[in-house]
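Understanding the architecture of this molecule
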Amino acid sequence: MSDSIIHTENITRIYEADIKALDSVSLSIPRGKITVIIGPSGSGKTTLLNMLALLDAPDSGKVFLNGRDVSSLSETQVAQIRNRMFGFVFQFFHLIPELTVEENIMVPLMIRQPNLPLNAHRERVSHLLAEFHLEEKVARYPNYISGGEKQKVCICRSIAGDPDIIFADEPTGNLDRDSSFELITLIQTLNKNKGKTFVIATHNENFLKIAANIIYLIDGKIVHRE
Ligand SMILES: Nc1ncnc2c1ncn2[C@@H]1O[C@H](COP(=O)(O)OP(=O)(O)OP(=O)(O)O)[C@@H](O)[C@H]1O
Ligand SMILES: [Mg+2]
């Protein structure tokens, strides 16, 4: 049996007005690999990603993390898991405009390890920014860097706390072609070099090239496509 970090059994999510956004989805997310969830707009990609990232719970069916049924966990335990084990990357970046690039990446680190001195966090951020060739942007505010740079900062922020899984919802949705390619390559490198598990919901077919596991969704259901 392959090693899965998350698996689901028949998860269904019905929004009000009887919209079945997810319809009995069973899948597993392989540890240390890149999973890409792809499908047309409205097919349930974000809904599925939110279930896997424990941001929302299914109306029926089960989600397991490391073999454990997450419905048995308390709200506090779930929040701790999200905080310590998960990193997030969003289509609209969600960087705080009043904070510099460095401070944006430091915030989740300070929440995660409040007892560590500020300088230790700063050093970690500086290493990461260098790795991403963003060291010159350290003191810039998000509104003064490009979209591609913003998303690289978001990737930095998502991995800074050394999470096990990075969830990304349409991470290239606001990037041009070149920046999209750069981001896809960056994710591939992080997966290879750091062994991080990625779960990416996207329309962008270029992600399929780096995926070890592809989930096609149509109308909330998994379809098998060659
Ligand atoms: N909060 C909500 N309340 C009601 N319906 C919702 C809600 N969120 C999503 N839906 C509906 O559920 C279905 C799946 O939506 P979802 O956002 O998961 O799709 P998606 O594949 O991520 O689409 P996109 O590619 O446009 O981001 C759609 O029919 C959508 O309109
Ligand atoms: Mg979506």
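Scroll up a little and you will see the structure.
Anyway, here's the lowdown on the structure attached to this text.

Rules behind the numbers
- Residues numbered from 1 in each chain as written.
- Chains lettered and ligands numbered in written order.
- Predicted model: local features only at pLDDT ≥ 70, side-chain atom pairs only at ≥ 80, totals over all residues.
- Heavy atoms only, no water.
- Pairing = 2+ DSSP bridges.
- Helix = DSSP H or I, 4+ residues; strand = E, 2+ residues; numbered from the N terminus.
- Axes fitted to C-alpha atoms, helices over the stretch in contact; angles between N-to-C directions.
- Parallel < 35°, antiparallel > 145°, perpendicular 65-115°, else oblique.
- Left-handed = near helix turned anticlockwise from the far one by under 90°.
- Contact = heavy atoms within 4.5 Å.
- Nonpolar A, V, L, I, M, F, W, Y, C, P; charged D, E, K, R; others polar.
- Near = heavy atom within 4 Å.
- Polar contact = N/O pair within 3.5 Å; in protein donor to acceptor, adjacent residues only side chain to side chain.
- Areas by Shrake-Rupley, 256 points an atom, 1.4 Å probe, with all protein chains shown as cover.
- Buried < 20%, exposed > 50% of the residue type's maximum accessible area, 1.4 Å probe, protein only.

Strands sit in the order β6-β7-β8-β3-β9-β10 across an open sheet of 6 strands; the sheet is mixed. Of all strands in the sheet, those bounded by a partner on one side alone are β6 (86–89) and β10 (221–223). In this sheet, adjacent strand axes meet at a mean angle of 25° when their direction is disregarded. In the sheet, β6 pairs with strand β7 (residues 165–169) via 4 bridges, with the strands oriented parallel.

Paired through their backbone hydrogen bonds, the strands of a sheet run either parallel or antiparallel. Taken in spatial order, the 4 strands of this open sheet run β2-β1-β4-β5, and their pairing is antiparallel. Each of the sheet's edge strands pairs with one partner strand only, and the pair in question is β2 (19–30) and β5 (68–69). As judged from the 5 bridges shared by strand β1 (residues 4–15) and strand β4 (residues 60–65), these two strands associate in the antiparallel manner. Bridge pairing in β4 places T12 opposite S60.

Direction vectors running N to C along helix α4 (residues 118–131) and helix α5 (residues 147–160) enclose 135°, while the axes themselves pass 10 Å from each other. Looking at the two axes, α4 sits oblique to α5. As for how α4 packs across α5, the hand of that crossing is right-handed. Across the interface between the two elements, R124, L128 and L129 from α4 touch C156, I159 and A160 from α5. Tallied by class, residues from the contact of α4 with α5 come to 5 nonpolar, no polar and 1 charged.

Neighbouring ligand 1 are Y15, I19, A21, P40, S41, G42, S43, G44, K45, T46, T47 and H203. Contacts to ligand 1 include S43, whose backbone N or O atom sits 3.2 Å from an oxygen atom. Residue K45 places a side-chain N or O atom 2.7 Å away from an oxygen atom belonging to ligand 1. Protein contact buries 62% of the 630 Å² of open area that ligand 1 shows by itself. Per element, the largest residue contribution to the shell around ligand 1 is 3 residues, and it comes from helix α1 (residues 45–52). Taken together, the residues of the shell around ligand 1 break down into 4 nonpolar, 7 polar and 1 charged.

All right, on to the side chain of D23 then. Looking at where D23 falls in the secondary structure, it is placed in strand β2. Once you skip the residues sitting within four places of it in the chain, D23 turns out to touch I11, T12, G220 and K221.

So, about the pairing of strand β3 (residues 34–38). Most of β3 is tucked away, with 5 of its 5 residues classed as buried. Neither face of β3 is exposed, since I34, V36 and I38 on one face and T35 and I37 on the opposite face are all buried. In the sheet, β3 pairs with strand β8 (residues 197–202) via 5 bridges, with the strands oriented parallel. Along β8, the bridge assignment pairs I37 with A201.

Unusually for a residue other than glycine, S24 sits at a positive phi of about 55°. As for its placement among the helices and strands, S24 is situated in strand β2. Residue classification places S24 among the partly exposed positions, given a relative accessible area of 38%.

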